[in-house]
Each structure stands twice: as structure tokens, then as C-alpha cells.
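Observations on chain architecture
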Amino acid sequence: MNVRGWLVRLGPLLGLILVFLFFLIAVWMKTGRNSFATPGNLQTIALQSAIVGMAALGMTLIILAGGIDLSMGSAVALTSVVAAVLMKSRGWPAFPAACGAILVGGLCGLTNGVLITRLQVVPFIITLGILLILRGAAKGLAEEQTVIPPPSAMDSLLDMSSVLPSGVWLLAVLAAGVSIVMRYTRFGRHLYAVGSNEAAARLCGVPITRTKIQVYALGGLFAGIAGLFQYSRLAMGDPTAAPGLELDVIAAVVIGGGSLAGGEASVLGSLVGALFMMTIRNGCSQMDWRNWVTEIVAGAIIIGAVALDRLRHRRGL
Amino acid sequence: MTAAARLEMTGVRKRFGATVALDGVDLAVSPGECHALVGQNGAGKSTLMKVLSGAHAADEGSMRLDGVPYAPRHPLEGRRRGIAMIYQELSLAPHLTVEENIVLGVEPSRFGWLDRGEIRRRATDALAQLQHPEIRPDVVAGRLTVGQQQIVEIARALASGCRVLVLDEPTSSITQRDAEQLFALLERLRGQGISIVYISHFIEECKRVAQRYTVLRDGRTVGGGAMADATPAQIVDLMVGQKMERLYPRSKRTPGDVLLAAEGLELRRGEVLGLAGLIGAGRTELLRRLFGLAPGPATPAESWRRGLGFVSEDRKNEGLALGLTIADNLTLSKLEALVLPSRQSSATRRWTDALAVKCLGPFQRIADLSGGNQQKIALARLLHHDVDVLLLDEPTRGIDVGSKAQVYQLIDDLVSKENKAVLMVSSYLPELLGICDRVAVMRRGKLGPARPVEEVDEHSLLLEATGDSAA
């Protein structure tokens, strides 16, 4: 591969490094010392990225297949509530409660997939509707308040006391797994084909409907795990948690080289994209910028980053 | 030509890259004349229309409109100068009403507000002029029949003050009754001094509506004159020309047992069966039904399992996933649960070597290959799957002559050496005659009998495909 090809591949990483350096210097100049690149703050960024990153694994597969899932933020909130309710009201131990929550996430995704393929309505609309339904379900299940079960093993998924908590390891292992599935399995290649050209995939006998349902269900499972992460950060189920998370997740996938037209996405890129998004948010708060400034900056950087990436793509290819 | 000509085209040439689409076209149409433009598929009719409308600029040659030089830079300019095109695919906005469609782009308005009364008046006038007051101006266009939509398009042309009306295969998608109405309408328009260029494959139909004709072949004007002086057979002779090419290999073939019997055709091992006919006659649909891409008994996945393979006529949108690699495209129909790059690569290399595909390697993006090489990959997918029956829809469309020869050789090898069966659709008759063992003609959705290739020639096939008229 030539230099240009590598530049296209490493683009998101270069962007991450640039944003990182920018805040490192900016925070240093403002506070007079390095308070950005400290172990503690880096850990915070990593943990915040883990939720987005986990959901982004599912979104990467869905976007690769030419779809989109707007209901992911709501699914994360719902599954965090489900885990909390199972432990508090039903008295389930942490592990079965976690499995139950992940399963609920999978069911949400399955519903998305079945509705999209059976009703033949575009994923944008179906998952927009499901977004509202799941958010409502989460609030109803939690009776419109946070659910706080007794301390359990689940709290340690994103535990600050260890350098790299189990959740981050889990993310790394699953990311590797998704990468392998994408590259080396028939299902993975079918996702590329369906996203790249659905008509060609149909001609070749790819089971379009089944593949789509599977990918949304899989996305739901990842949202379920992200819901557990969400739970463990505060050790409670919060039905109003993760508002707009799906947008951060989509931004992460797209910044990482994913194409909303389908057929293109990369796990590593999406994870870098998740770090990118969280670095911006963390950096802005380290700068003591007000929340509204952070949002404007984040929005502008998303547009800039993706526009630059597309420009490089056109030049590079 | 005389100075009285409404439209005059002389020596028009147009090339796209290495392909010469128009190679010297002369055409003259008088006011109040209906002029038939005929030619085989690919003779250059659509390119000529595009040059006339302003969608393409001619490389050489000149055009005059009522004696004034005419060289439109874009379709809007052509429209302003009075050239109106009615394409085979109608171009009404289906959600707008009839009157909104008629004034589309030239809406009368006052300070940006639409003048509804004026719109209604113009639309009603145009429809009355066409003697079709039964089409209500406030009806949504999408709810009209195709025949009525065509009339609305003509009304739009009139409302924008057209002097030359160009119709491309106007009867291909309307009923016989609508066609009768259309013919009467054209007659009236002629009476109003409007010139009509009538493009059609149906020679009987042309004889009925047109006073004069021009025949195109291989991008050139090869003949023309008064309709009354010509028989359909003479016109077909001009369309066919005297070309005898021998780039079609034909080894000894021995037809075996029947592999496919459906839709009124029988396909045997070791033979190539060709489907001739006009574009839109239903050949592609037949092939898609057989394979399961159009509603039918099978799905594509089942067809592949039964040993059928299909090559689409639309390489870019359906045949190949252009964003993916050569290897993915080639092996997509037959992926193992675990996709090992080494095996994918060796399988791909085997076929790229066998078919002499020019590429950098199995994992090159297929979009970077030439059309001919892309088509070889689309065919190689069937070889890799090792199907028995190959359904090929326009397998040599848009590829260079060298690749064509290779595809012909491949088809011949497949039936003579490997005992496969090939069913192919082609709009290029010499090709069908060159490589098929039997040829059947499809006309307006109906399949004719399959005849041995020795018993047919271009002339008879073309007559069978075009002989029946809507009139």
C-alpha cells in the first residue's frame, strides 16, 4: 500500500492525536501544569469511551450493512434499568441479571430488525419510533426514578480503582471478535455485500432479510452490554441516562471511516472515533468551558472531521 | 436540404472515449412533417436525441432550426428554442397535479406567488388544443394511465411553445387504444405545423404515422426517403446492412438432456439458446423470473443451489458490488462459513488467470477494473460456483471488442467442452447468430418458437421482432 493509502487508513488516529495534543497544550497553558494527560484523567476518558465504544461495535456492524439504529441510547438506558430492577426487586445475583439485561437489549435489536424487514420501512423511521418506545418502557419499568440495588459485582465493570477495569478488557476482546467476524466469516462478508450493493447481494443468493435481522439483533446485544457499563458507572439504573448517546455512537463510527451509505466501516476506526468524541468532551470540561460551548465545539469538530476524511478519501482513491 | 426545413442536422458526429456513437448523421424535417427515425438497438438513436435536446454537445457537424444555427449547451436551452422530448420513461412528477406538471419550470407567478388562475387557463388551453378535455387539470399526475400521462407530457411541450416534438418509442408502454388516440393526436399537431421526430422499432407503425424516414446504422445515416416508396422489408435491409463478422467461435457441440424447462422454453446441455427481441419486449423479465429475481417459484439462493447462475445486464447496479474487492465479488454466491483470505485469494487467482483478467491482485477493488474485466469477473462467479445453466443478460454490453471475443470464446468452451447450458439475451443480432445454436424471438411479452440458427438470419429475426405493430 502506498503512503496515501496509509494516510487514509490512519486518518482517524491522526485526528485523535491532534485533538489530544490540542487539549494537552490548551489545558496546560490555562492551568500552568499538565492536568490533562494525567493517569487519572486518561482513565476517565477511557471509561467514558467504553460505553460509546461498546455500543459502537454494534453500530459498526449495522452501518456496515447499510443500516442505522437510532434507538441505541434508549436501549442502553432500558437495559441499565432492567439490570437494576432484576437485582433489586427480584433479588437476582449480578451475573444472571447481567445476562437478562443483555438479552433484553438483543430483543430490542431483534424487534428493530424484524420491523424493518417485514414492514419495509426505512431503518431511520423504525428505530426512531423504537427510540421513543424504549425510553418510555425504561421510565415505566423504573417508575420514573432511578433504581438503586445493593452493591454487587456488576459495579466493578467500570471500576475506577483498577487501572484497566474488566469492562475495558471485555471491550477489547469483543472488538477483536467483531473484527474477526467481519473479516473472516461468511456472515461478515455478507454484511459488506448487503451494505455495498443490496441488489448484487440478492443476485448472489445472500439471505438479505435474515442478515439484516441478525445484524440489528447483534447491535441490540452490544447495546445491552453498554447498558451494563452505564449501570456500573453510577451503580444504579437510570431511565433518563444516555440521552443522545446514539448520536455520539454514530459520530464515532463515521469519524472512524464508516460510510452511512453502507459497505464501509472499521472496528478499530470506530473505537478511535469513540475516544475522539470523549477526548473532546473531556477536554472541553477540563478547559472549564460551559456546557453549551462544549456542544457547539463537538458539533463543529464532527462536521470538520468527517468532511476532511471524505476529502482525503476522494483524493486518496 | 431546402431552406424551408424546420430542423436540419448535417454530418453530426459524437464520440465517447474510444467509442464512436455518431459517425455522420444527416436528418432534415420540414414543418408539419412526421419523420420516422429507425435503426437497431445501439444504432445511435438515443445519442442523436441527446445531441438534439442539448444533453450532449456534438463533436462535429451542424444543426439548424428554421434556418438559424442551433447548438444548445444544455437541455433547458433546447427547450427554450422549441425542441421538446418525450422519452420512453415518462418524466412527470407523479405527486404534482396535471396543471402543475404542464407549467413545471415556467410557472406564471406574481411576486413569487403562483398565479393559480393563469396556470389553470394555460393547462386547460393546452389540453383542449390536444382535444383531450377529459383529462382534468387538478388531478394528481400519478393517478393517470400511462397513455394519459403521455398526453400531459405533450401538453407540457405545447405549453412551452415547441416547434419540434421528439417521441422515443411512444407506443412501447401504452395500450392499443391509447396508441390510436396518440396517432390521431400527432396528426392534429402536424396540421398545426409542428414537426415530429418519431423514433420506433415498429416499422408498420412508422409507416402509418410518418411521411418520411431516416435509417441509422452504426451511428451513420444509411438511407431515407418518402415512406410511401418503401416497403418494410427494404427498411429492415437498411437497418441490418451487409456486415459479416467471423469473430464467433463455434466448436462441435452435442446437445444432451434437458436441464431447464420452464416458461415455454427448453434448454439442453451443450447448447446456447438465444433470446432476441426489442428492448422492453420482456426478455430480461423472463430471465429474472427463471432465476427468481422477479416474483416466481424460486429465490436466487435456491437457483444457485439448483445449479443456475445469472449475469445481470446492469453490471454497475446489480451485477457487481463495485465497492468490494474482486475476490468478494467472485466468491459471494459461494462463501464458506469461515472465509480464509488465502483460499479466497487462490480461488480468485485461478479464474483471473484463466480468463486473462487484467488486475493487480484478488483484493483490488473491482471498481478500478475496466468494463470488460469487470464483466469477466461477473461471469467467473458462475464458473466458480460451477453452475450447469448460465443465464446471461446482455453479457457483452458496454465492453470492448477484445473482451467481447474472449467472452464468446468462453461461452463456446463452456458448452462444447464442459457440457454446460447457456441461455442468453442479446440485443445485438450478429452476436446471437454467431454463437447460438437456437434462437427464439420475444415480442411484447410473448415468446416465439426457438428455431435452429441455420434457419434464421438478421432479417427474419428483426421482422419477427418488429413486424407486429401497435396499429
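About the thresholds
- Residues numbered from 1 in each chain as written.
- Chains lettered and ligands numbered in written order.
- Predicted model: local features only at pLDDT ≥ 70, side-chain atom pairs only at ≥ 80, totals over all residues.
- Helix = DSSP H or I, 4+ residues; strand = E, 2+ residues; numbered from the N terminus.
- Rg over C-alpha atoms; globule rule 2.2 N^0.38 Å.
- Buried ≥ 20, exposed ≤ 12 C-beta atoms within 10 Å, placed from the backbone.
- Contact = placed C-beta atoms within 7 Å.
- Pairing = 2+ DSSP bridges.
- Axes fitted to C-alpha atoms, helices over the stretch in contact; angles between N-to-C directions.
- Parallel < 35°, antiparallel > 145°, perpendicular 65-115°, else oblique.
- Left-handed = near helix turned anticlockwise from the far one by under 90°.
- Nonpolar A, V, L, I, M, F, W, Y, C, P; charged D, E, K, R; others polar.
- Core = buried A, V, L, I, M, F, W, Y, C linked by C-beta atoms within 7 Å.
- Domains from an automatic or database assignment.
- Bend = angle between axes of the 7 residues up to and from the residue.

Quick look at the overall build of chain A now. Across its full length, chain A carries 12 helices and 0 strands. Starting at the N terminus, the α and β elements of chain A follow one another as α-α-α-α-α-α-α-α-α-α-α-α. Rg of the C-alpha trace for chain A: 19 Å, near the compact-globule value of 20 Å for 317 residues, within the 12% margin. If you line up chain A on its principal axes, its C-alpha atoms span 65 × 60 × 30 Å. Here chain A, with 317 residues, has 51% of them falling under the buried criterion.

Here the focus is the overall build of chain B. Summing up its helical and strand segments, chain B has 17 helices and 21 strands in all. Computed over its C-alpha atoms, the radius of gyration of chain B comes to 25 Å, within 12% of the 23 Å expected for a compact globule of 471 residues. In terms of principal-axis extent, the alpha carbons of chain B reach across some 70 × 55 × 40 Å. A burial count over chain B gives 45% of its 471 residues as buried. Considering only contacts in chain B between residues 6 or more positions apart, those separated by 24 or more positions represent 68%.

Next up on the list: the sheet that holds strand β2 (residues 19-29) of chain B. All names here are of chain B. Spatial ordering of the open sheet is given by β2-β1-β4-β5, a layout of 4 strands whose pairing is antiparallel. Across the chains shown, the open sheet's two edge strands, defined by having one partner strand only, are β2 and β5 (68-69). For strand β1 (residues 7-16) and strand β4 (residues 60-65), the ladder comprises 5 bridges, and the chain directions are antiparallel. Bridge pairing in β4 places Met-9 opposite Met-63.

Looking now at the packing of helix α2 (residues 39-64) of chain A against helix α11 (residues 267-286) of chain A. Residue and element names in this part refer to chain A. Where α2 meets α11, the closest approach of the two axes is 8 Å, and the angle between their N-to-C directions is 140 degrees. Taken together, α2 and α11 sit at an angle that is classed as oblique. Considering the relative orientation of α2 and α11, their crossing is right-handed. Here α2 contributes Asn-41, Thr-44, Ile-45, Gln-48, Ser-49, Val-52, Gly-53, Ala-56, Leu-57 and Thr-60 to the contact with α11, which in turn contributes Val-267, Ser-270, Leu-271, Gly-273, Ala-274, Leu-275, Met-277, Met-278, Thr-279 and Asn-282. Counted by class, the contact of α2 with α11 contains 10 nonpolar, 10 polar and no charged residues.

This part covers the nonpolar core. Considering soluble globular proteins, one finds that nonpolar side chains tend to be buried as a cluster. Ala-55 and Ala-83 of chain A together with Leu-165, Val-166 and Tyr-198 of chain B are the most contacted members of the largest nonpolar core, which has 226 residues in total. Split by domain, this core shows at least three residues from each of two domains, domain 1 (7-240) and domain 2 (258-466) of chain B. Excluding residues that lie within four positions of it along the chain, Leu-165 of chain B makes contacts with Ala-84, Ile-86, Ile-154, Ala-157, Leu-189, Ile-194 and Ile-196 of chain B.

What follows covers the pairing of strand β19 (residues 438-443) of chain B. Residues and elements named next belong to chain B. Within β19, 5 of the 6 residues are buried, which leaves it mostly tucked inside the rest of the structure. As paired strands, β19 and strand β21 (residues 451-452) are joined by 2 bridges and run antiparallel to one another. What sits directly across from Arg-438, in β21, is Pro-452. Bridge count between β19 and strand β20 (residues 446-447): 2 bridges; the pairing is antiparallel. Among the inter-strand pairings, Met-442 is bridged to a residue of β20, identified as Leu-447.

Let's shift gears to the domain arrangement of chain B. Residues and elements named next belong to chain B. One can read the domain layout of chain B as domain 1 (7-240) and domain 2 (258-466). For domain 1 versus domain 2, the separation of C-alpha centres amounts to 35 Å. Looking at the side of domain 1 that touches domain 2 residue by residue, the class counts come to 5 nonpolar, 4 polar and 1 charged.

Right, let's get into the interface of chain A and chain B. Contacts between the two partners involve 19 residues from chain A, matched on the other side by 23 residues from chain B. Elements with a minimum of two residues in the side of chain A that touches chain B: α7 (186-196) and α8 (198-203) of chain A. By residue class, the composition of the side of chain A that touches chain B is 10 nonpolar, 5 polar and 4 charged.

This part takes up the sheet that holds strand β6 (residues 83-86) of chain B. All names here are of chain B. The strand order across the open sheet built from 6 strands is β6-β9-β10-β3-β11-β12, with neighbouring strands paired in mixed fashion. The two strands at the open ends of the sheet, each matched to only one other strand, are β6 and β12 (220-226). Geometrically, the sheet is characterised by an average inter-axis angle of 20 degrees between neighbouring strands, direction not taken into account. Taken together, the 5 bridges between strand β9 (residues 164-168) and strand β10 (residues 195-199) define a ladder with parallel strand orientation. Pairing of Val-164 across the sheet is with Ser-195, part of β10. Contacts from helix α1 (residues 45-53) reach β3 (34-39), β6, β9, β10 and β11 (212-217), with the element oriented near 145 degrees to β6. Helix α6 (residues 176-191) contacts β3, β9 and β10 of the sheet and is inclined by roughly 145 degrees relative to β10.

All names here are of chain B. Where helix α8 (residues 232-240) meets helix α17 (residues 458-466), the axes come as close as 10 Å, and the angle between the chain directions of the two elements is 120 degrees. Classed by the angle they form, the pair α8 and α17 counts as oblique. Crossing angle aside, the handedness with which α8 passes α17 is right-handed. Between α8 and α17, the residues in contact are Val-236, Asp-237, Met-239 and Val-240 and Glu-458, His-459, Leu-462 and Leu-463, respectively.

Although it is not a glycine, Ala-235 of chain A sits at a positive phi angle of roughly 55 degrees. You can see Ala-235 of chain A is positioned in the loop between α9 (208-234) and α10 (245-255). One non-glycine residue, Asn-419 of chain B, lies in the positive phi region at around 60 degrees. With respect to the helices, strands and loops of the structure, Asn-419 of chain B is situated in the loop between α15 (401-416) and β18 (421-425). Given 18 C-beta atoms within a 10 Å radius, Asn-419 of chain B is considered partly exposed.

As a further point, take α2 of chain A. Along its length, α2 of chain A reaches its greatest deviation from straightness, about 30 degrees, at Ala-50 of chain A. Downstream of α2 of chain A by one or two residues, Gly-66 of chain A has phi in the positive range, about 85 degrees.

This next bit is on the environment of Ala-159 of chain B. All names here are of chain B. Considering the arrangement of structural elements, one finds Ala-159 in helix α5 (residues 146-159). For Ala-159, a count of 22 C-beta atoms within 10 Å gives the class buried. Spatially, the C-alpha atom of Ala-159 lies 46 Å from that of Phe-291, the residues being 132 residues apart in sequence. Setting aside anything within four residues of it in sequence, one finds Ala-159 in contact with Ile-102, Val-103, Arg-122 and Ala-126.

Residue and element names in this part refer to chain B. Topologically, Thr-284 is positioned in helix α9 (residues 283-291). Note on Thr-284: 21 C-beta atoms within 10 Å, which makes it buried. Sequence-wise, Thr-284 and Leu-392 are 108 residues apart; in three dimensions their C-alpha atoms are separated by 9.5 Å. Sequence-distant contacts of Thr-284, that is, excluding residues within four places in its chain, are made with Glu-313, Asp-393 and Val-425.

Let us now look at the environment of Val-85 of chain A. Residue and element names in this part refer to chain A. With respect to the helices, strands and loops of the structure, Val-85 is situated in helix α3 (residues 72-88). It is 25 Å that separates the C-alpha atoms of Val-85 and Thr-127, two residues lying 42 residues apart in sequence. If we skip the residues at most four places from it in the chain, Val-85 touches Leu-141, Val-147 and Gly-237.

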